[in-house]
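# Chains, contacts and geometry: an overview
Residues per chain are reported as follows:
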Amino acid sequence: GYSELFSFITWTSVGLMGAAATVAGQSLGAKKPDRVVEAVQAANEKLQVRVLGLATIAHDVPVELALATIDSLTVLGAFHASPAVKQALAERFVF
């Protein structure tokens, strides 16, 4: 019935989010941030970024990509990004 279909969809979504998070973590550890974007986009999800220390978004990252990829951002430390990206993500900062 519908409850089984809902459960299947819910667990599939949770599985995709978990897979995207795993790929994101492994890719960041391997210093391949482009794979993070690919994994998040493939799972049709956005990142909830939490950083203790230094968070850097390269200055050549377009505002559109940052907005399409990052849902929320918590940084306990320093945050480096272009002024345009900082301004675009300002409302997504979580304190």
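Residues numbered from 1 in each chain as written. Predicted model: local features only at pLDDT ≥ 70, side-chain atom pairs only at ≥ 80, totals over all residues. Heavy atoms only, no water.

## Let's talk about the nonpolar core
We apply this condition: Only buried residues count toward a nonpolar core, which is a set of Ala, Val, Leu, Ile, Met, Phe, Trp, Tyr and Cys residues joined through side-chain atoms within 4.5 Å. With a 1.4 Å probe rolled over the protein chains alone, any residue whose accessible area is under 20% of its type maximum counts as buried; one over 50% counts as exposed, and the rest are partly exposed. By the criteria applied, helices consist of DSSP H or I runs no shorter than four residues and strands consist of E runs no shorter than two, each listed in order from the N terminus. Contacts are assigned to residue pairs with any non-hydrogen atoms lying within 4.5 Å of each other.
Counting 12 residues, the largest nonpolar core consists of Val49, Val51, Ala55, Ile57, Ala66, Ile70, Leu73, Val75, Phe79, Ala81, Val85 and Leu89. Sorting the residues of this core by element identifies β1 (47-56), β2 (70-80) and α4 (83-89) as the ones contributing at least two each. Ranked by residue count, the leading element in this core is β2, at 4 residues. Discounting residues that sit within four places of it in the chain, Val85 has contacts with Ile57, Val61, Pro62, Val63 and Ala66.

## Quick look at the pairing of β1
Spelled out, the test is: Here the rule is simple: two strands pair whenever DSSP picks up at least two bridges between them.
Of the pairings in the sheet, the one linking β1 to β2 comprises 10 bridges and is parallel in character. Within β2, the position partnered with Ala55 by the bridge is Phe79.

## Examining the side chain of Arg92
Note the cut-off: Neither His nor the chain termini are counted; the positive set is Lys and Arg, and the negative set is Asp and Glu. Just to be clear on terms, a salt bridge is a Lys or Arg side-chain nitrogen sitting within 4 Å of an Asp or Glu carboxyl oxygen. Each polar contact in these results corresponds to two N or O atoms within 3.5 Å; when the atoms are within protein, one needs to be able to donate a hydrogen and the other to accept it, and residues that are neighboring in sequence are counted only if both atoms are side-chain atoms.
In this fold, Arg92 is placed in the segment after α4. Despite being buried, Arg92 has no salt bridge partner; Glu91 is the closest side chain of opposite charge, sitting 4.7 Å away. Of the polar contacts made by the side chain of Arg92, one reaches the backbone oxygen of Leu67; its length is 2.8 Å. Excluding residues within four positions of it along the chain, Arg92 makes contact with Lys46, Leu67, Ile70, Asp71, Ser72 and Leu73.

## Some words on the environment of Thr74
Relative to the assigned elements, Thr74 resides in strand β2. For the pair Thr74 and Arg50, spaced 24 residues apart in the sequence, the C-alpha separation amounts to 4.7 Å. Look past the residues within four positions of Thr74 in its chain and what remains in contact with it is Val49, Arg50, Val51 and Val94.

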